[in-house]
Every structure is written in C-alpha cells, then in structure tokens.
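So the chains spell out like this:
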Amino acid sequence: MNTLYGNVEHNVLAKAQQIKLLVCDVDGVFSDGRIYLGNDGEELKAFHTKDGFGIKALGASGVDVAIITGRTSAIVEYRMKALNVAHIIQGQEDKLPALIDLIEQLNITIEEVAYIGDDVPDLPCIEAVGLGISVSDGHPLVLRSANYTTFTRGGFGAVRETCDLIMQSQNSLDNASGASI
C-alpha cells in the first residue's frame, strides 16, 4: 500500500493498525546519534520539530508514547516532557525488562506495541513487539530484524514518519493536531 513516504507492505499496516503504544529509543532515533559535549561537560543534542509534531499528533489520536533509553539526560527529560510523553524511562541499558514492566502497567499486549530503534541494544525490544521498526540508518542487525524500516534517517523525521504510519493505518492522520515544537 502507498503511504505518504512510500510503498509499505500490507502486513506492516495491519500491525500498525493494532498499536496502542509507541516506544522510542532516543539517541539515533529522536536525534541523529551525535552527542555534543562542551568544555565544561555540557551536553547538547538536536531534536527535529517534525518529530515533535508527530508525537503530539499521535498522542492526540489516542496512542500512548514512551521512551526507553540507555543514557540519562536532563535534555531528554526536558524535551519529552515538552512533548507530553507520559512514560520517560532513562538509564536502562537492558531495555526489554523496562518495556515488559510498562506493558504490564498499561494493561496492553506486546502485539499492541511498536518500538523504534537504531542499534543493537534495541534488538530485544524490536524482536519482541508487534511492530518492530528501524530507522533507515540503523545498524545492519537492526535493519534485518525490523518489520519496518523508515524511509527517513534517525534525527531527521523518522519518528514523525512512524507516527504518520500508525495514524494512517488507524485512519486518524487526516485529523492530526498538535504543536510543531
């Protein structure tokens, strides 16, 4: 089937139609994976406003959003709170147990979860969920295991593309709303 970004297999859209929770890695997904460090240890990351709009629109459509990341960063906390992400889980090098705990808290099934990642620490989650997603510039092992690979690179709108895919499959894309921040 044709989507806004390109042709997508029917089974991917069928999986996306069932999604109640989108879980995202941060570095390499929301950002391009680079971390800028200042002389005083200050950390900077770049986030794309397209992703911000996508997250807000997906939340407004009724799909919950979470992040699970291996690092802990005040910048990530600030950015995700600005996007109204309710579930911010940082400092989790082993992400699958955190994902399982979140699914139990939300009383949903693993098949109702989409996970987007870019590197090997994301593999257990990508392989476990109903819709495992890799950004287009993900590690080859992640690309091979994902059900769907974005047309867009991490940090340049891949999260927005994922949100649009889920909303399009659930017939809520035409009503997308939120703020581009």
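All values derive from a computational prediction rather than experimental measurement.

1. Quick look at the overall build of the protein chain
On a plain count of helices and strands, the protein chain comes out with seven helices and eight strands. Taking 16 Å as the expected radius of gyration for a compact globule of 181 residues, we find that the protein chain reaches 15 Å, a close match to that expectation. Scored against the burial criterion, the 181 residues of the protein chain give a buried share of 49%. Partitioning the contacts of the protein chain with sequence separation of at least 6, the portion at a separation of at least 24 is 57%. Accessible surface computed for the protein chain: about 8,500 Å², of which carbon and sulfur atoms make up 48%. Counting 13 positive and 24 negative side-chain charges, the protein chain places the centres of these two groups 5 Å from one another.

2. Focus: the packing of aromatic side chains
Following the criterion strictly, the structure yields zero aromatic pairs and no others. Between the NZ or CZ atom of arginine 153 and the centre of the ring of phenylalanine 156, over which it lies, the distance is 4.1 Å.

3. Comments concerning a nonpolar patch on the surface
Where nonpolar side chains cluster on the molecular surface, the patch consists of Leu4, Tyr5 and Phe151 and spans about 310 Å² of accessible area. In this fold, tyrosine 5 is placed in the segment before helix H1 (10-17).

4. So, the environment of asparagine 7
Of note, asparagine 7 is situated in the segment before H1. On the basis of relative accessibility, which here comes to 59%, the residue asparagine 7 falls in the exposed class. Residues asparagine 7 and phenylalanine 151 lie 144 residues apart in sequence; the distance between their C-alpha atoms is 9.9 Å. Excluding residues within four positions of it along the chain, asparagine 7 makes contact with Met1, Asn2 and Phe151.

5. Observations concerning helix H4 (residues 95-106)
Here H4 spans 17 Å end to end across twelve residues, near enough to the 16 Å set by a 1.5 Å rise per residue. Restricting attention to buried positions, one finds in H4 the residues Lys95, Ala98, Leu99, Leu102 and Ile103. Summarising the axial view, the buried residues of H4 lie within an arc of 135 degrees, below the 170-degree limit, and thus occupy one face. In H4, those exposed residues whose orientation departs by more than 90 degrees from the buried face are Glu104 and Gln105. Those residues of H4 that are buried lie in contact with strand S1 (21-24), strand S4 (64-68), strand S5 (87-89), strand S6 (113-117) and helix H5 (123-128). Directly beyond the C-terminal end of H4, a positive phi value near 55 degrees is found at asparagine 107.

6. A few points about the sheet that holds strand S7 (residues 131-134)
Ordered by their spatial adjacency, six strands build an open sheet running S5-S4-S1-S6-S7-S8, and the pairing between neighbours is parallel. With partners counted over all chains shown, the strands left at the sheet margins are S5 and strand S8 (148-149), one partner each. Relative to S5, S4 runs parallel, the two being bridged by three bridges. Paired with isoleucine 67 across the strands is isoleucine 88, a residue of S5. The strands that H4 touches are S1, S4, S5 and S6; relative to S4, the one it contacts most, it runs at about 155 degrees.

Reading guide: rules and limits
- Residues numbered from 1 in each chain as written.
- Predicted model: local features only at pLDDT ≥ 70, side-chain atom pairs only at ≥ 80, totals over all residues.
- Heavy atoms only, no water.
- Helix = DSSP H or I, 4+ residues; strand = E, 2+ residues; numbered from the N terminus.
- Rg over C-alpha atoms; globule rule 2.2 N^0.38 Å.
- Buried < 20%, exposed > 50% of the residue type's maximum accessible area, 1.4 Å probe, protein only.
- Contact = heavy atoms within 4.5 Å.
- Areas by Shrake-Rupley, 256 points an atom, 1.4 Å probe, with all protein chains shown as cover.
- Lys, Arg positive; Asp, Glu negative; His and termini not counted.
- Charge placed at Lys NZ, Arg CZ, Asp CG, Glu CD.
- Phe/Tyr/Trp six-rings, centres within 6.5 Å; stacked < 30°, edge-to-face > 60°.
- Lys NZ or Arg CZ within 6 Å of the ring centre and 35° of its normal.
- Patch = residues over 30% accessible without salt bridge, like charges linked within 9 Å, V, L, I, M, F, W, Y side chains within 5 Å.
- Salt bridge = Lys/Arg side-chain N within 4 Å of Asp/Glu carboxyl O.
- Expected span 1.5 Å × (residues − 1).
- Arc of directions from axis to C-beta.
- Pairing = 2+ DSSP bridges.
- Axes fitted to C-alpha atoms, helices over the stretch in contact; angles between N-to-C directions.

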